Amino acid sequence: MRKLTALFVASTLALGSASAAFAADTTTAPATASATTAAPVKMMHYKDAKRDSPFAGLNLTKEQRQQMRDIMKESHQKRGPGAKDERQALHSMIASESFDEAKAKAQIDAIGKAQSEHMLERAKAENKMYNLLTPEQKKQYNENYQKREQKMMEHMKKMRDHVPAAE
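An account of the accompanying structure is given in this report. Small disclaimer: the values here were computed from a predicted structure and weren't measured.

**Some words on the overall build of the protein**
And step 1. Per the secondary structure count, the protein includes six helices and zero strands.
And step 2. Shown N-terminal to C-terminal, the secondary structure of the protein runs as helices and strands in the order α-α-α-α-α-α.
And step 3. Split into buried and exposed, the 167 residues of the protein put 25% on the buried side.
And step 4. For the protein, the proportion of contacts with a sequence separation of at least 24, taken over those separated by at least 6, is 76%.
And step 5. Total accessible area on the protein is roughly 11900 Å²; 58% of this is exposed by carbon and sulfur atoms.

**Thoughts on the environment of glutamine 107**
And step 1. Note on placement: glutamine 107 falls in helix H5 (residues 101-130).
And step 2. Assessed through its relative accessible area of 15%, glutamine 107 is described here as buried.
And step 3. Linking glutamine 107 and leucine 90, residues 17 residues apart in sequence, is a C-alpha distance of 6.1 Å.
And step 4. Setting aside chain neighbours within four positions, we find glutamine 107 in contact with Glu86, Ala89, Leu90 and Met93.

Cut-offs used in this document
- Residues numbered from 1 in each chain as written.
- Predicted model: local features only at pLDDT ≥ 70, side-chain atom pairs only at ≥ 80, totals over all residues.
- Heavy atoms only, no water.
- Helix = DSSP H or I, 4+ residues; strand = E, 2+ residues; numbered from the N terminus.
- Buried < 20%, exposed > 50% of the residue type's maximum accessible area, 1.4 Å probe, protein only.
- Contact = heavy atoms within 4.5 Å.
- Areas by Shrake-Rupley, 256 points an atom, 1.4 Å probe, with all protein chains shown as cover.

What follows is the structure, encoded as structure tokens:
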């Protein structure tokens, strides 16, 4: 049960912490042979997240930056709190004396729905922002995206290699 809860919390945090223009990436120390001597995970600072965004380094004009801010502001207003209330309700179920699997599944579905809506609104905003770019900026954006995607895959591999096998 703890592993299921940890997996759920980790996936919720991974999906819920994304920001529209500044997606974050984390790095880890190299995995060691023994899980008990594993190094702690290094967390990323906000300024690092900006550098890894596909929108980083595009030499945006003042007008483009302002339009993107406006798009982000509008998108954030539409999104609301996301799955916070749903996650809190699930936590209450986890922290109770008894566990109702059917209620937990329904709550997990509600969290997934809220996260899907959040991601859809984010995708709409990013599409609007992408379409503000010049062809050269779009090319750079796509290159940045591919670099970031490669980093994410490397990070996920490190995380898989770092986690000990299930007992």
